[in-house]
Amino acid sequence: MAYDADLGRDDLETFDGAQPDNFWRADPHLRRVLARLAGETTLAGWETQLDQFGAECAGGIDAAVRLNNLGHNLPTLDRFDGFGARLEAVEHHPSFHIAGRGIYGSGVMKALTEAHGNVKSLAMFYLSSHNGEGGHNCPLACTAGAIKAIRALGSAVVRDRYLPRLLSTDYQTLAHGAQFLTEVQGGSDVGANSVRALPSDDASLTFALHGEKWFCSNVTADLVVVTARLEGAAEGTEGLGMFLMPRRLPDGSLNRFTIRRLKDKIGTRTLPTAELDLNGALAYPLGPTEGAFKNVMTYVINTSRLFNAVGCCGMARRAGLVAHGYAAHRKAFGRPIAHYPMVADILATMRAQTAAMTSGTFYLAAQADRIEQGDADAETRGFWRMAVNLNKMRTALTAHEVIQSGLEILGGNGTIETFSVLPRLLRDNVVFENWEGSHNVLLLQVLRDCKTKRLHQAFFAHLATLGGNPDRIRTAAAAARSELEAALAGDEALATLVIRRLGSRIAYLFWAAAMHADGTEPALIDHFLDHAIGPQPAQDAAYARRIAALAQVP
Ligand SMILES: Cc1cc2nc3c(=O)[nH]c(=O)nc-3n(C[C@H](O)[C@H](O)[C@H](O)COP(=O)(O)OP(=O)(O)OC[C@H]3O[C@@H](n4cnc5c(N)ncnc54)[C@H](O)[C@@H]3O)c2cc1C
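Residues numbered from 1 in each chain as written. Predicted model: local features only at pLDDT ≥ 70, side-chain atom pairs only at ≥ 80, totals over all residues. Heavy atoms only, no water.

Here we look at the nonpolar core
- F362, I409, F459, L484 and F510 are the most contacted members of the largest nonpolar core, which has 155 residues in total.
- Per-element accounting of this core gives the leading share, 18 residues, to helix α9 (residues 293-329).
- Among residues more than four places away in sequence, those in contact with I409 are A323, Y326, A327, I337, V343, I346 and L347. (Core = buried A, V, L, I, M, F, W, Y, C linked by side-chain atoms within 4.5 Å. Buried < 20%, exposed > 50% of the residue type's maximum accessible area, 1.4 Å probe, protein only. Helix = DSSP H or I, 4+ residues; strand = E, 2+ residues; numbered from the N terminus. Contact = heavy atoms within 4.5 Å.)

Set out below in structure tokens:
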């Protein structure tokens, strides 16, 4: 029988029908990682929730996010009501709220307050990120940061008024967060920020914010963490304070800000990102009003960087599921394309990269839990601080590579918006690469920390305790450490060139060690290291058999 259009289309339908209906059940690697980090007993207690959410993410939430991303369903600005009163609202298609109800209703934020809270919350976030940013995942990252900042630094009034709503699962009444740091002249260079905070002249201990913010995602958030500077405060980041700006004043009226416009973005298109004017907006201080940037980093930015990394893992994983399924069913030259060694090589590499970044990132989530519980020693804290920046940089880049590989597997169909989720994942990932710190800025921070705080000493000492310190990692880590130390001792500008490449290599070694620690299949770790740091093994029959075996599993 001729292989005609009907059979070709049947194959595509079989591929689509065979996509997992539950992202949790489809992910043995995630299960192994969580079991190792949180323990089998704890994981057993999470099972029902993860299973239910895994099904929703692959079902109703996936469909809602897809619908919401159609060009005519994107958010629009709704500044005034019919009588001209200020609304400063955003109009969403109903599909946005269907996705939101499912995502927030899962308990993803409440999980932060449980034992192994970061690991659990981020496991749910990972499942949610199989649908890209989805309109709600950036807000979740910001909400998590706001929860941590308020718990640590909020006054009793702020804690009592806002925390219960931030942790709620009731989509109708809960509160969600945002963080407005970036100004048109101050992106990476946050110290150039000029928004001012003026103390109120009553006894309320509140401030009035004045100025302009340039990138305001989740612009209608109930609560926003904002950086601002008091009159007379020091220039640079030292003079910045951290404030909490509610959307509504205590009497229910709208706070004093105006939205200029929503930005038309390459990705994360159902998430409204705006330019905003602060016209004396009321805000509560979170901690000291000067010298607070350290707190912004600790509670807000580092939390977002970890969430960002998990988001990249979730998107990469989804790309792997789509590509694997397609390769199994799409036929070319009479055979499913998965049969061809070059395709198998791509699939095996996608799988290895995704497993590596997932092992590494969840290891960091587990260390965040230990740090927050006060159970981590100075070496672990130093390791975490360096790793979270390297990890944010590398997960974003690796996710891009994995999603791009997925598009390659799908051929021409990979480029078509309506054919699969992949084009949207790629576009969302471009945004993930930029916000929460661009690659260079993260690497510069690593370099600065190594120079001034000698953080690399803690990093490499901790790395040597991870996963039994196998020879291949030990040798490569020793070489990377010497290169880094030589760069730190030399010219500063040249050191930035060194870290741009070395940073990725160090991140790869950490991921491979984390895979050893969680019991990932050794052949997958080897394939990852072959690909990431080399040397490449001989492309012989044994290699072809190995990649064929690795590519069997999605
Ligand atoms: C869709 C989207 C939504 C966003 N939402 C928010 C939000 O809600 N809240 C918020 O606060 N921000 C938000 N941002 C802003 C984001 O955090 C910034 O874009 C990011 O921090 C980079 O700043 P920038 O765009 O000003 O780039 P720049 O700082 O101008 O950097 C441009 C380029 O120069 C490089 N560079 C800068 N300095 C150096 C240096 N010293 N050495 C080497 N290279 C350097 C950077 O790596 C980058 O590649 C959002 C961004 C996007 C794209």
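Quick word on the pairing of strand β1 (residues 76-80)
- Relative to strand β2 (residues 86-91), β1 runs antiparallel, the two being bridged by four bridges. Within β2, the residue paired with L77 across the bridge is V90.
- Between β1 and β2, which pair antiparallel and follow one another directly, the connecting turn spans five residues, one of which, G84, has a positive phi of 90°. (Pairing = 2+ DSSP bridges.)

Describing the pattern of salt bridges
- Overall, the coordinates contain 27 salt bridges when judged by the stated rule.
- A salt bridge links D277 to R260; the shortest N-O distance between them is 2.8 Å. Of the two residues, D277 is situated in strand β9 (residues 273-285) and R260 in strand β8 (residues 257-262); the sequence distance between them amounts to 17 residues.
- Across the salt bridge formed by R385 and D449, the nearest N and O atoms sit 2.9 Å from each other. Linking R385 in helix α11 (residues 378-410) with D449 in helix α13 (residues 439-453), this pair joins segments that are 64 residues apart in sequence.
- In the salt-bridge network here, residues are joined through shared partners; they are R472, D526, D530 and R546. (Salt bridge = Lys/Arg side-chain N within 4 Å of Asp/Glu carboxyl O.)

A few points about the packing of helix α1 (residues 5-17) against α9
- Running from N to C, α1 and α9 cross one another at 145°; their axes reach a closest spacing of 9 Å. As for how α1 packs across α9, the hand of that crossing is right-handed. For the pair formed by α1 and α9, the contact residues are D11, L12, T14 and F15 on the first element and V322, G325, Y326 and H329 on the second.
- Across the contact of α1 with α9, the residue classes break down as four nonpolar, three polar and one charged. (Axes fitted to C-alpha atoms, helices over the stretch in contact; angles between N-to-C directions. Left-handed = near helix turned anticlockwise from the far one by under 90°. Nonpolar A, V, L, I, M, F, W, Y, C, P; charged D, E, K, R; others polar.)

Quick look at the pairing of β9
- Of all 13 residues in β9, 11 are buried; the element is thus mostly enclosed.
- Where strand β5 (residues 207-217) meets β9, nine bridges bridge the pair, whose relative direction is antiparallel. Residue K213 lies in a different strand from β9, and its bridge partner there is L276.
- One ladder, built from two bridges, connects strand β7 (residues 240-246) with β9; its direction is antiparallel. Among the inter-strand pairings, F243 is bridged to a residue of β9, identified as P285.
- In this sheet, β9 lies alongside β8 in antiparallel orientation, the contact comprising five bridges.

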